[in-house]
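Tertiary structure, described
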Amino acid sequence: QSEALKEKMLDDEFVLKDLAILGQWTTFYAAPNTGKTLLTMWLISEQIIDGKINPDDVFYVNVDDTYKGGVEKTEIAERSGFHMLLPNVNGFDKNNLLTIVDELIKADEASGKIIILDTLKKFVEIMDKTKASEFGDKSRSFVASGGTLICLAHTNKHKDADGKSIFSGTADIVDDTDCAFIIENLGSTEEYYGITETRVEFRNIKARGDVAEKLAFAYTKEQGAGYLSLFTSVKYLEESDLAKAKEWAKIQRGHEQDSEIIDAVKQHIREGIVGKTELIDKVHEDAVASKSKI
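One numbering rule holds for all chains: residues counted from 1, following each sequence as written. The predicted origin of the model limits local features to residues at a pLDDT of at least 70 and limits the giving and counting of side-chain atom pairs to 80 or more, whereas totals for whole chains, interfaces and linings rest on all residues. Excluding hydrogens and water, the side-chain figures rest on all heavy atoms present in the structure.

**Observations regarding the overall build of the chain**
- Under the scheme used here, helices are H or I runs from DSSP no shorter than 4 residues and strands are E runs no shorter than 2 residues, and both carry numbers assigned from the N terminus. Broken down by element type, the chain carries ten helices and eleven strands.
- Along the three orthogonal principal directions, the C-alpha set of the chain runs to about 80 × 40 × 40 Å.
- Under the scheme applied here, a residue whose accessible area is under 20% of the maximum for its type counts as buried, over 50% as exposed, and between as partly exposed, the area being computed with a 1.4 Å probe on protein chains only. Going through the 294 residues of the chain one by one, you find that 44% of them count as buried.
- Counted over contacts in the chain with a minimum sequence separation of 6, partners at least 24 positions apart contribute 65%.
- The accessible surface values rely on the Shrake-Rupley method and a 1.4 Å probe; as for residues, cover is taken only from the protein chains in view. Surface exposure of the chain reaches about 16,100 Å², of which carbon and sulfur atoms provide 48%.
- For the chain, the distance from the average position of its 37 positive side-chain charges to the average position of its 52 negative side-chain charges is 4 Å. Whether two residues are in contact is decided by their heavy atoms, any of which lying within 4.5 Å being enough. When charges are counted, neither His nor the chain ends are considered; positive counts come from Lys and Arg and negative counts from Asp and Glu. Note that the charge is assigned to NZ on lysines, CZ on arginines, CG on aspartates and CD on glutamates.

This is the structure we're talking about:
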């Protein structure tokens with residue numbers, strides 16, 4: 001049956017440039033408010049504008065948003081031409097999605113279809129190995145039939161020994177997915193009043209195909225501006241800008257880790273103590289940390 005199977009095989013085209021390949025299952029893990037929804041929508045729109053994918057084949061399933069957020073994102077989907085599925089709008093029920101996917105497979109209509117699940121936890125209990133494995137089997141069947149699946153999921157609240165984010169849930173999803181990325185927040189800088197630029201990096205933790213090891217973006221939030229303004233602000237980060245962003249993130253992490261000492265030092269300076277040795281002694285008396293650490 002090799003000839004019949006070859007006809008169903010898709011060319012290696014990117015659904016999301018350098019990150020997600022057509023005919024594969026890709027999962028992005030990120031902490032809340034990192035911008036995973038924003039960046040996924042921007043990247044899918046970029047490929048549509050470039051004529052790489054047919055917008056009518058794209059179904060963005062947004063079931064983890066406020067009503068206002070859903071409306072704002074639907075506006076962007078309409079501009080790019082892809083479908084935005086919201087709970088209880090036009091009769092859509094998220095509980096029927098996997099059944100619909102099964103019907104697409106049985107009818108031999110899954111090929112070329114692109115489904116984005118935002119977020120994964122609304123469709124599977126990621127802490128349950130059995131259910132995660134069952135979801136993996138269904139997803140693999142969809143992909144094997146020529147479909148493309150992109151899942152957005154959360155990272156663990158705790159980081160690893162190197163301070164890097166790790167995926168939440170059992171390892172089954174990562175084991176079954178074709179490609180997986182962790183989206184790291186590299187920190188934000190306020191350029192001037194009310195405008196903040198946030199930088200993030202996609203870090204690959206599993207790959208099947210020629211995807212990027214790392215890819216970075218920045219987006220700018222302006223106080224009082226809407227989601228469309230945030231969407232149009234997204235840009236790729238050059239390597240030099242990425243290096244600066246990582247250095248800034250390192251400094252910010254240091255400030256966070258040393259915040260108790262810094263606050264104690266500032267308090268004693270306000271009290272009129274400005275000598276280095278005396279400051280160290282006073283903060284040490286507060287039992288905040290060792291003298292060498294201070």
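**A closer look at the pairing of strand β9 (residues 195-206)**
- Most of β9 is tucked away: ten of the twelve residues are buried.
- Strand pairing is assigned whenever DSSP detects at least two bridges linking the two strands. In the sheet, β9 pairs with strand β10 (residues 214-222) via nine bridges, with the strands oriented antiparallel. Within β10, the position partnered with I195 by the bridge is E222.

**Describing empty space enclosed by the protein**
- We place a 1 Å grid over just the protein atoms. Points where a 1.4 Å probe fits but has no way out form a cavity, open points with protein on both sides within 12 Å along at least 5 of 7 lines form a pocket, and any residue with an atom within 4 Å of a point lines it. Grid points are joined across faces, edges and corners, and a volume is the space filled by probe spheres set on the points. Per the counting criterion, the structure on display carries one cavity of 30 Å³ or more.
- Forming the walls of the largest cavity are L97, L98, V101, I115, L117, F135, K138, S139, F142 and L149.
- At the level of elements, α4 (97-106), β6 (114-118) and α5 (129-144) are the ones that each hand at least two residues to the lining of the largest cavity.
- Residues were grouped as follows: Ala, Val, Leu, Ile, Met, Phe, Trp, Tyr, Cys and Pro as nonpolar; Asp, Glu, Lys and Arg as charged; and all remaining residues, including Gly, as polar. Residue composition of the lining of the largest cavity, by class: eight nonpolar, one polar and one charged.

**Things to note about the state of the cysteines**
- Our working definition of a disulfide is a cysteine sulfur pair at a distance within 2.5 Å. For the coordinates displayed, the defined rule picks out zero disulfides.
- Free cysteine C151: the closest other cysteine sulfur is in C179, separated by 13 Å.
- With a relative accessible area of 0%, C151 lands in the buried category.

**Details of the layout of surface pockets**
- By volume, the largest pocket is sized at about 830 Å³.
- Forming the boundary of the largest pocket are 31 residues, of which N33, K73, K221, Y227 and L230 lie nearest the centre.
- Those elements that provide at least two residues to the lining of the largest pocket are α2 (36-49), α3 (67-80), β9, β10 and α7 (227-232).
- Split by residue class, the lining of the largest pocket holds seven nonpolar, 15 polar and nine charged.

**A closer look at the packing of α2 against α3**
- For helices, the fitted axis covers only the stretch in contact; all axes are lines through C-alpha atoms, and the angles between them, taken along N-to-C directions, range from 0 to 180 degrees. Packing of α2 against α3 leaves a shortest axis separation of 10 Å and a crossing angle of 10°. Overall, the two elements α2 and α3 adopt an arrangement that is roughly parallel. Of the two elements, α2 crosses α3, and the hand of that crossing is left-handed. On α3, the residues touching T37, M41, S45 and I48 of α2 are K73, I76 and S80.
- Its residues placed into classes, the contact of α2 with α3 shows three nonpolar, three polar and one charged. To sort the angles, those under 35 degrees are grouped as roughly parallel, those over 145 as roughly antiparallel, those from 65 to 115 as roughly perpendicular, and the leftovers as oblique. Crossing handedness is read from the near helix: turned anticlockwise from the far helix by less than a right angle, it gives a left-handed crossing, and turned clockwise, a right-handed one.

**What to know about the pattern of salt bridges**
- Throughout this description, the term salt bridge denotes a Lys or Arg side-chain nitrogen within 4 Å of a carboxyl oxygen of Asp or Glu. Scanning the model with the defined rule gives eleven salt bridges in all.
- Taking the shortest distance from any N to any O, the salt bridge between R203 and E184 comes out at 2.9 Å. Note that R203 is positioned in strand β9 and E184 in strand β8 (residues 179-192), a separation of 19 residues in sequence.
- According to the relative accessible area criterion, R203 is buried, its value standing at 15%.

**Focus on the packing of aromatic side chains**
- A pair of aromatic rings is counted whenever rings of Phe, Tyr or Trp (Trp by its six-membered ring) have centres within 6.5 Å, and the orientation is called stacked for planes under 30 degrees apart, edge-to-face for over 60 and tilted otherwise. Tallied over the full model, the rule gives ten aromatic pairs.
- Arranged with centres 6.1 Å apart and planes meeting at 75°, the rings of W42 and F217 form a pair that is edge-to-face. Separated by 175 residues along the polypeptide, W42 in helix α2 and F217 in strand β10 bring together distant segments of the chain.
- Seen in terms of ring centroids, F202 and F217 are 5.5 Å apart; in terms of plane orientation they differ by 75°. Their pairing is edge-to-face. With F202 in strand β9 and F217 in strand β10, the pair connects residues that are 15 residues apart, well separated along the chain.

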